[in-house]
Amino acid sequence: MIPLVLRVNGREHRIEVEARVTLLDALRDVLHLTGTKKGCDRGECGACTVHVDGERINSCLALAVMQEGREVTTVEGVGTVGAPHPVQAAFVARDALQCGYCTPGQVMSAIACVREGHTGSDDEIREWMSGNLCRCAAYEQIVAAVRDAAEAHRA
Amino acid sequence: MIPAPFDYTRPTTVEDAVTALRAGGAGAKVIAGGQSLVRMLQRRLVRPTLLVDVGCLSRMREVVEEPDHLVIGATTTQHELLHDARVRAHAPLLSLVARHVGDPAVRHRGTLGGSVAHADPAGDPPAAVLALDGEIIVEGPRGERVIPSAEFFVGPFRTALEPDELLVGVRVPKMGEGWTVHYEKFRLSAQKPTLLGVAVMVRRVGDCFTDAHIALANSGSTPVRATAVEVALVGADVTEEAVTKAADLLDGTMEPFARQGVSQAYLAHLARVLTRRAVVAALSW
Ligand SMILES: Cc1cc2nc3c(=O)[nH]c(=O)nc-3n(C[C@@H](O)[C@H](O)[C@H](O)COP(=O)(O)OP(=O)(O)OC[C@H]3O[C@@H](n4cnc5c(N)ncnc54)[C@H](O)[C@@H]3O)c2cc1C
Ligand code: FES
Ligand code: FES
């Protein structure tokens, strides 16, 4: 077991994990932050997307021990039910989900996508959101939500 | 799927990393971005006893400009290759190829050194490094050595790196006057790995090709240069007809490591078409 200080959503957590534990499993099973989802566990679906030092990554392909000294942001850290993040509000307004399983990853990826500025056209949004799959195929509404959030961000 | 247990160390100097690799012996393995390695650990395709994390080695993160070359640190991410002003200006082929790796989340973690050391025959960056005649800079217990890319890739997922050696950087010539570049990639579907990739650098003076470097991804057990096409292009007129004629010299004997169920005739046709497209695209770059 390796003692580790993990900074998540602005809070420091002192935990002990084995080196083989992924960031995704540490968030869900040790910190009980279950907003971040496990879809494929192999980097292909984006359900586990979180931000590390402001960049979107797949937490299933990151080891928890590699995140010491970094700032991790999960979906629990971006908004609340009463005060949703503008991207979350756009997802609600556009009805950009069905079962909702991919949504935390979509939201985290979309927040980064808007910030990165890859929202110049619907095609650009599709390409730069392509790491996030949706089995319910809410893609049209997701693109619309990202477009709305980007417009609000620019305004 | 959960990996078999292993120890973990995060050295802060290249020397300490080499020492750790050496001490770990056959069970030691480098981890950079983890975008290929963690998947292999999870499926237990590899079972290292020690992972040496190279993420905190500042020397391996730098891009250093020399008079005629760029030395790109091994842990430069694909995202950084895409955005770094020096890479874009002096080695635009690497910026172009980085754009073809995975998706944004993968590119934020995956590194140039990781792609090159992983040596997936279907990997995109290795083909670009080979087209560039890049040199692989390696540090080990016996000091530094520099391996030409033509000698670095020795088989599927096999390189000239010794187990106790660290890939510290990739040295590529700065793109000179008259050169243009392109990377053309074909996949059977958005989620599939590269079926064929073509990295192209051509130089034209007036209406004539004076130099051509072309490397293919997933056409053999390592990235390979399309020498016959290169030779045919040099001295040829810059016309689509001449490009087609040169590309048609690809003889169709390619033996990709992962054939993805397509026939030899399909692959041979694809290679000719993609190579023609890649050279034409490089010309209008
Ligand atoms: C969803 C997904 C899609 C992808 N799509 C593509 C694609 O389209 N094209 C493509 O080319 N690749 C693709 N990849 C793989 C690519 O993203 C990886 O970035 C790359 O292969 C490995 O880089 P890394 O830094 O993550 O290396 P790691 O996974 O950390 O390591 C890979 C291997 O290289 C060794 N290694 C790493 N760094 C060094 C070093 N400095 N010295 C010595 N050995 C080292 C490790 O020991 C290991 O064996 C994809 C990956 C994923 C998850
Ligand atoms: S669970 Fe990480 S990408 Fe699918
Ligand atoms: S809403 Fe069901 S997977 Fe996307």
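Analysis parameters
- Residues numbered from 1 in each chain as written.
- Chains lettered and ligands numbered in written order.
- Predicted model: local features only at pLDDT ≥ 70, side-chain atom pairs only at ≥ 80, totals over all residues.
- Heavy atoms only, no water.
- Domains from an automatic or database assignment.
- Contact = heavy atoms within 4.5 Å.
- Buried area = accessible area lost by both parts, 1.4 Å probe.
- Salt bridge = Lys/Arg side-chain N within 4 Å of Asp/Glu carboxyl O.
- Polar contact = N/O pair within 3.5 Å; in protein donor to acceptor, adjacent residues only side chain to side chain.
- Nonpolar A, V, L, I, M, F, W, Y, C, P; charged D, E, K, R; others polar.
- Buried < 20%, exposed > 50% of the residue type's maximum accessible area, 1.4 Å probe, protein only.
- pLDDT = per-residue confidence, 0-100.
- Helix = DSSP H or I, 4+ residues; strand = E, 2+ residues; numbered from the N terminus.
- Near = heavy atom within 4 Å.
- Areas by Shrake-Rupley, 256 points an atom, 1.4 Å probe, with all protein chains shown as cover.

Another point: the domain arrangement of chain A. All names here are of chain A. What the domain assignment reports for chain A is domain 1 (2-77) and domain 2 (86-154). Placing a centre on the C-alpha atoms of domain 1 and another on those of domain 2 gives a separation of 21 Å. Contact residues are listed per partner, giving 15 residues for domain 1 and 16 residues for domain 2. When domain 1 packs against domain 2, close to 1200 Å² is buried across both sides, 52% of that on carbon and sulfur atoms. Considering only the side of domain 1, the residues that lose the most area to domain 2 are H51, R56 and V75, jointly responsible for 46% of the buried surface there. Between E116 and R56 there is a salt bridge, and its shortest N-O distance comes to 2.8 Å. Here domain 1 is connected to domain 2 by 11 residue pairs in polar contact (both at pLDDT 80 or more). Along the lines of polarity and charge, the residues of the side of domain 1 that touches domain 2 split into three nonpolar, eight polar and four charged.

Scanning all chains against the criterion turns up 31 salt bridges over all chains. The closest approach of N and O atoms between E18 of chain A and R20 of chain A, which form a salt bridge, is 3.1 Å. Looking at R20 of chain A, the relative accessible area reads 18%, which means it is buried. A salt bridge links E230 of chain B to R225 of chain B; the shortest N-O distance between them is 2.6 Å. Residue classification places R225 of chain B among the partly exposed positions, given a relative accessible area of 23%. In this structure, a network of salt bridges that share partners links the residues R7, E12, R14 and E71 of chain A.

We now examine the confidence of the model for chain B. Here chain B averages 96 in pLDDT, while 100% of its residues score no lower than 70. This complex was scored by the predictor with a pTM of 0.97 and an ipTM of 0.96.

Moving on, we get to the interface of chain A and chain B. Interface size is often expressed as the accessible area that is lost when the parts come together. Listed by partner, the interface residues are 28 residues for chain A and 31 residues for chain B. Of all residues in chain A, R20, L61 and M66 of chain A give up the largest surface area on contact with chain B, accounting jointly for 26% of the area buried on that side. Linking chain A to chain B there are four salt bridges. Among the ionic pairs, R109 of chain B bridges to E55 of chain A, the shortest N-O distance being 4.0 Å. Counting the contacts that link chain A with chain B gives eight residue pairs in polar contact (both at pLDDT 80 or more). Where the side of chain A that touches chain B is concerned, the elements lending two or more residues are strand 4 (55-58) and helix 4 (122-128) of chain A. The greatest single-element share of the side of chain A that touches chain B, amounting to four residues, is contributed by strand 4 of chain A. Taken together, the residues of the side of chain A that touches chain B break down into 11 nonpolar, six polar and 11 charged.

Below, the discussion takes up the site of ligand 1. Taken together, 32 residues sit near ligand 1, with V30, S36, L37, T111 and D124 of chain B positioned nearest. One finds residues of chains A and B in close proximity to ligand 1. Here V30 of chain B contributes a backbone N or O atom positioned 2.6 Å from an oxygen atom of ligand 1. Between ligand 1 and K185 of chain B, the relevant distance is 2.8 Å, taken from an oxygen atom to a side-chain nitrogen or oxygen of the residue. Protein chains bury 90% of the 980 Å² of accessible surface belonging to ligand 1 in isolation. Grouping the constituent residues of the shell around ligand 1 by class yields 14 nonpolar, 14 polar and four charged. Split by domain, the residues of the shell around ligand 1 number at least three in each of domain 1 (7-53) and domain 2 (62-173) of chain B.

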